[in-house]
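Commentary on secondary and tertiary structure
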Amino acid sequence: MKLGARIFKTGIAIILALYIAKFIGMPSPVFAGIAAIFAIKPTIYRSYLSILEQVQGNIIGAIVAVAFGLVFENNYIIVGLAALITIIIMLKLKLENSISLGLVTMIVILESPGEHFLQFAWIRFSTILIGILSAFVVNLIFLPPKYETKLYHRMSHLTEDIFKLIRLISMHASEHHLMKKEIEKIRERLVKVNLFYTLFNEERSYFKKSTIEKKRKTVIYRQMVSALQDSFDILKLLHRYEHELKLLPETIQIQIQERLDFLMNEHQKLLFQFLGKVSHNDLEEKKFEEQQEELLELFLDELKDKAFRSDQQSYHLMRFLSAMVDYHKQLTHLSILIESFQNYHKDANEVSIEEESEE
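Note that the coordinates shown come from a computational prediction; the quantities given were computed from them, not determined experimentally. (Residues numbered from 1 in each chain as written. Predicted model: local features only at pLDDT ≥ 70, side-chain atom pairs only at ≥ 80, totals over all residues. Heavy atoms only, no water.)

1. Description of the overall build of the protein
- Assigned secondary structure in the protein consists of 14 helices and zero strands.
- N-terminal to C-terminal, the α/β element order of the protein is α-α-α-α-α-α-α-α-α-α-α-α-α-α.
- Taken over 359 residues, the protein has a buried fraction of 43%.
- Within the protein, contacts between residues separated by at least 24 positions form 80% of all contacts whose residues are at least 6 apart in sequence. (Helix = DSSP H or I, 4+ residues; strand = E, 2+ residues; numbered from the N terminus. Buried < 20%, exposed > 50% of the residue type's maximum accessible area, 1.4 Å probe, protein only. Contact = heavy atoms within 4.5 Å.)

2. Topic: the packing of aromatic side chains
- The full count for this structure, using the stated rule, is six aromatic pairs.
- Taken together, a centroid distance of 5.1 Å and an interplanar angle of 75° make the contact between Phe200 and Tyr221 edge-to-face. Of this pair, Phe200 sits in helix H8 (residues 176-202) while Tyr221 sits in helix H9 (residues 208-240), and the two are 21 residues apart along the sequence. The two residues Phe200 and Tyr221 agree in class, both being buried.
- Ring pairs connect the aromatic residues Phe200, Tyr221, Phe274 and Phe341, which therefore count as one cluster. (Phe/Tyr/Trp six-rings, centres within 6.5 Å; stacked < 30°, edge-to-face > 60°.)

3. Concerning the pattern of salt bridges
- For the coordinates displayed, the defined rule picks out seven salt bridges.
- The closest approach of N and O atoms between Arg189 and Asp161, which form a salt bridge, is 2.7 Å. Placement of the pair is Arg189 in helix H8 and Asp161 in helix H7 (residues 147-170), with a sequence separation of 28 residues.
- Among the salt bridges present, the one from Lys236 reaches Asp233, with a minimum N-O distance of 3.5 Å. With a gap of three residues between them, Lys236 and Asp233 both fall in helix H9, about one helical turn apart.
- A residue is classified by how much of its surface remains accessible, and Asp233, at 25% relative accessible area, is partly exposed.
- Connected through shared salt-bridge partners, Asp161, Lys164 and Arg189 make up one network. (Salt bridge = Lys/Arg side-chain N within 4 Å of Asp/Glu carboxyl O.)

4. A closer look at the confidence of the model for the protein
- Summarising the model, the protein shows a mean pLDDT of 79, and 79% of its residues fall at 70 or more.
- Least confident of the elements in the protein is helix H13 (residues 306-310), whose mean pLDDT is 48; most confident is H7, at 90. (pLDDT = per-residue confidence, 0-100.)

5. Focus: the packing of helix H4 (residues 76-92) against helix H5 (residues 99-110)
- One can describe the packing of H4 onto H5 by two numbers: an axis separation of 10 Å at closest approach and a directional angle of 150°. Read as a crossing pair, H4 and H5 show a hand that is right-handed. On H5, the residues that touch Val79, Ala82, Ala83, Thr86, Ile87, Met90 and Leu91 of H4 are Ile99, Gly102, Leu103, Met106, Ile107 and Leu110.
- Considered class by class, the residues forming the contact of H4 with H5 number 11 nonpolar, two polar and no charged. (Axes fitted to C-alpha atoms, helices over the stretch in contact; angles between N-to-C directions. Left-handed = near helix turned anticlockwise from the far one by under 90°. Nonpolar A, V, L, I, M, F, W, Y, C, P; charged D, E, K, R; others polar.)

6. Digging into the nonpolar core
- Counting residues in hydrophobic clusters, the biggest one holds 53 residues, and the most contacted among them are Ile162, Ile166, Tyr221, Leu260, Phe274 and Phe320.
- At the level of secondary structure, the elements contributing two or more residues to this core comprise H7, H8, H9, helix H11 (250-274) and helix H14 (313-344).
- For Ile162, the residues in contact, after removing those within four places along its chain, are Ile186, Leu228, Ser231, Phe232 and Leu235.
- One finds Met26, Phe68, Ala83 and Leu95 within the second-largest nonpolar core, a separate group that totals 37 residues. (Core = buried A, V, L, I, M, F, W, Y, C linked by side-chain atoms within 4.5 Å.)

Structure representation (structure tokens):
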């Protein structure tokens, strides 16, 4: 297990919450530390949303606890009933993410001594609030996450692995059942890529110039994820129709392989172009268009063959060709976005991505 920034931030938030609670003179600073654990989030934006929810949950838990503490005697049945009411209220208010902290607040208040119940209720409510605020401060100023680096490297590594599998299947050098397991692993990694894109999208810039650049980058990364998804769709179709495609005439197989090689090479070059390491080549694009027309002509000629048209080969080939066309469109759009970004942000046309190995 790799120790990440969030783990360190959690530890620092707990320390800060405990010290502040003790400095103020709270009788039970441990509750501040517990609250800090719930409030740590991976991005500043999520931390902002979290503090709003956690404060509301803390208030609701405190109100329910005070109401039950003043009306009923303190026993386990009353605590359970108060917990049920707290959960219902928070579900109605769509505060599911702060239910745990709300229940903690409710329980620690109901466990307060009876003689000075309201005073202890206020103290413990305030102690938990200190923990929430401490976590927010740590999220705000300490170890700001760099999700762009994580996102780019995950996409880059995943793209390379997808291309390796595509080439293995194209060369008929793979075991069908083993490749199925590898594709499932790729699917899981693609889900994580989408998660990192969401986290990167939630990061906020505080200066106008940076905000405009960030928005343009966000659009580019969204298109990168779409292109990556299309390459994964190609892999799945290639694996699914491996046997049918293997039975195609050799001329069509060669054309498909050449087209796949071009698409994969262009995809990799676009990733480097985004970093400012290579430039766009219009000649390669014209060559691809010629290959596309040639492949379409070969396919139409094969459709004239009744034997070819009588089974599902034509349907599978058409579906595969359609997927490659969609993939090409995604790459073309990505190329336009990257060129536009580099033209509008000439002072930042070489995007700085730190070296990082995939976790």
